[in-house]
Amino acid sequence: MNLKDVKRVYCIGVGGIGMSALARYFLQTGAQVSGYDKMQTALTKQLIAEGVQIHFEDNINLLDREADCVIYTPAIPADHQELNWYKKHNYPLAKRSEVLSRVLENKYTIAIAGTHGKTTMSAMTAYLLRESGVGCHAFLGGISVNYQTNYWSSSQKIAVVEADEYDRSFLKLVPDIAVLSAMDPDHLDIYGTAEAMEEAFLQFANSVREDGLLLVKHGLKRTREMKHSNFYSYSLQNDAADYYASDIRIHNGGYRFNIHGPKWYIQDIHLQMGGMHNVENMVAALAVAHKFDIQPSVLKEIIPGFRGVKRRFEYVVMKEDQVYIDDYAHHPEELAALIQGAKRMFPGKKCVVAFQPHLYSRTRDLATAFAHSLDMADEVILLDIYPAREKPMDGVTSSLITQNMENPAHNILSKEGLLTYIKHAKPELFITAGAGDIDQLVPEIKKIMIAA
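All values derive from a computational prediction rather than experimental measurement. (Residues numbered from 1 in each chain as written. Predicted model: local features only at pLDDT ≥ 70, side-chain atom pairs only at ≥ 80, totals over all residues. Heavy atoms only, no water.)

**As for the packing of helix H13 (residues 415-425) against helix H14 (residues 442-451)**
Each pair of packed helices can be summarised by the angle the axes make with each other and by the distance between the axes.
Here comes step 1: Direction vectors running N to C along H13 and H14 enclose 15 degrees, while the axes themselves pass 9 Å from each other. Between H13 and H14, the angle falls in the class roughly parallel. Relative to H14, the crossing made by H13 is right-handed. Residues Leu418, Leu419, Ile422 and Lys423 of H13 form the contact with H14, whose participating residues are Glu444, Ile445, Ile448 and Met449.
Here comes step 2: Looking at the contact of H13 with H14 residue by residue, the class counts come to 6 nonpolar, no polar and 2 charged. (Axes fitted to C-alpha atoms, helices over the stretch in contact; angles between N-to-C directions. Helix = DSSP H or I, 4+ residues; strand = E, 2+ residues; numbered from the N terminus. Parallel < 35°, antiparallel > 145°, perpendicular 65-115°, else oblique. Left-handed = near helix turned anticlockwise from the far one by under 90°. Contact = heavy atoms within 4.5 Å. Nonpolar A, V, L, I, M, F, W, Y, C, P; charged D, E, K, R; others polar.)

Next comes the structure, spelled out in structure tokens:
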């Protein structure tokens, strides 16, 4: 498949965050793009407005029979009628990760990986390169608030890409710069064991081009097995790392801090984003920017303009008596960082977290860890598990998490029950978290809290 010859693209799972970036790429090349997704979302509505033809029924009478490139996500079930029709009729089929690797073949690729932080770090890095004038293509795993998209192109042959570990997708990439933030157990339905997952991350780290750069979070285990000659580390504030922050102060819902690197220093950076983990994410993004010799004065000027990523410590409501934060956190470590960050930012406010577990397998594998993270909140509300691609599993429900919690202030509610709770409880510091469809409640919750 020569991508330059592709005129009609069909995307199965077009509303996925990674697939939608590819759909936008092909639109930008002038190709006709259409596809299927199982449900309508704000993102699919945007894609339709941009020119992508989308339907929401698995129906072979609705697919594009003239497509010369059919792309699918690994989350599509094996019995999907449209996918099997294309297979039966020998259409050129490729996974999203395979097509992305082809798109990046002739570009200087900055690939950002890790079980947490990669979306925000990718958005930060791409923002710094774009706003500094260096320029880059960007394939993000979230919607940049600054540009209201997860993809943009550039005249420069530099690309920032979120390297997704699901289905080992990131192993298709050959990065010039790779960033690795974490290797905590996840996607055990794919990997089987935590060790197998770590091996995949090691393989990713060791795939960096010989003349490239590997940037890894300081203290990450198994770094001695990462063999790249141009190896750097970053940290929130551990001065044993090559890049780290110091003198971190909370300021108006964000932070001020200094950053240190090898023979490099910027004083009093202002990041207008909550969550201490996001200071660390910016340290990593700045370490990448340093390799492009962007002047410290330029970086200091543009960082305050970074507006974050949709659903990454996103301030939905900011009133004196009520704060509402929405976040994509769906792993215990992410939940812990989210809750700790919110409580530090708004000390004295009672913190109520509404969490929707994502996947039966993840809930089964990490129920105890989820419970420990959620115990950090003052009160917890759990919604039913969002199944995504999975079928129900015997004995696996949200109560599996509550059974392991020490904090007695927890409850399992329906979505309607959650809205009723908010109307009556008027929480001071409220967080919605999860990678399912809990985000569809955000507009209604916002309306309730603004009116309170």
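Here the narrative resumes, following the displayed structure.
**Re the sheet that holds strand E7 (residues 137-144)**
Here comes step 1: Taken in spatial order, the 7 strands of this open sheet run E8-E7-E9-E6-E10-E11-E12, and their pairing is mixed. Taken across any chain shown, the strands that pair with only one partner, and hence form the sheet edges, are strand E8 (149-152) and strand E12 (231-234). If you compare each strand with its neighbour and ignore which way they point, the axes differ by 15 degrees on average.
Here comes step 2: When strand E10 (residues 177-180) meets strand E11 (residues 213-217), the two strands line up parallel, connected through 4 bridges. By the bridge assignment for E11, Ala178 is matched with Leu214. (Pairing = 2+ DSSP bridges.)

**A closer look at the sheet that holds strand E20 (residues 410-412)**
Here comes step 1: Read from one edge to the other, the open sheet built from 6 strands follows the order E16-E17-E21-E18-E19-E20, with strand pairing classed as mixed. Only two strands of the sheet have a single neighbouring strand rather than two, namely strand E16 (314-318) and E20. Adjacent strand axes in the sheet meet at a mean angle of 15 degrees when their direction is disregarded.
Here comes step 2: Across 4 bridges, the pairing between strand E18 (residues 351-355) and strand E19 (residues 379-382) is parallel. In the strand pairing of E19, Val353 is matched with Val380.
Here comes step 3: Running over the sheet, H13 touches E18, E19 and strand E21 (429-433) and is turned about 150 degrees from E19.

**Observations regarding the nonpolar core**
Here comes step 1: Within the largest apolar cluster, 75 residues are counted, with the highest numbers of intra-cluster contacts made by Leu128, Met282, Leu299 and Leu374.
Here comes step 2: Ranked by the residues each element gives to this core, the list is headed by helix H8 (residues 276-290), at 10 residues.
Here comes step 3: When sequence neighbours within four positions are dropped, the list of residues in contact with Leu128 reads Met282, Ala285, Leu286, Ala289, Ile294, Leu299, Ile302 and Ile303.
Here comes step 4: Within the second largest apolar cluster, 49 residues are counted, among which are Val33, Ile54, Ala159 and Val161. (Core = buried A, V, L, I, M, F, W, Y, C linked by side-chain atoms within 4.5 Å. Buried < 20%, exposed > 50% of the residue type's maximum accessible area, 1.4 Å probe, protein only.)

**Let's talk about the pattern of salt bridges**
Here comes step 1: Applying the stated criterion across every chain, the model contains 21 salt bridges.
Here comes step 2: A salt bridge links Glu198 to Lys221; its shortest N-O distance comes to 2.8 Å. Of this pair, Glu198 sits in helix H7 (residues 194-205) while Lys221 is found in the loop between E11 and E12, placing the two residues 23 residues apart along the sequence.
Here comes step 3: By relative accessible area, Lys221 is classed as partly exposed at 49%.
Here comes step 4: In this structure, Arg311 engages Asp326 in a salt bridge whose closest nitrogen and oxygen atoms are separated by 2.7 Å. Of the two residues, Arg311 sits in the loop between helix H9 (296-302) and E16 while Asp326 sits in strand E17 (residues 323-327), which places them 15 residues apart along the sequence.
Here comes step 5: For Arg311, a relative accessible area of 9% corresponds to the buried category.
Here comes step 6: Relative accessible area serves as the criterion here: at 2%, Asp326 is assigned to the buried category.
Here comes step 7: Connected through salt bridges with shared partners, the residues Glu198, Glu199, Lys221, Arg222 and Glu225 form a single ionic network. (Salt bridge = Lys/Arg side-chain N within 4 Å of Asp/Glu carboxyl O.)

The values reported here are purely geometric and, on their own, carry no functional implication.
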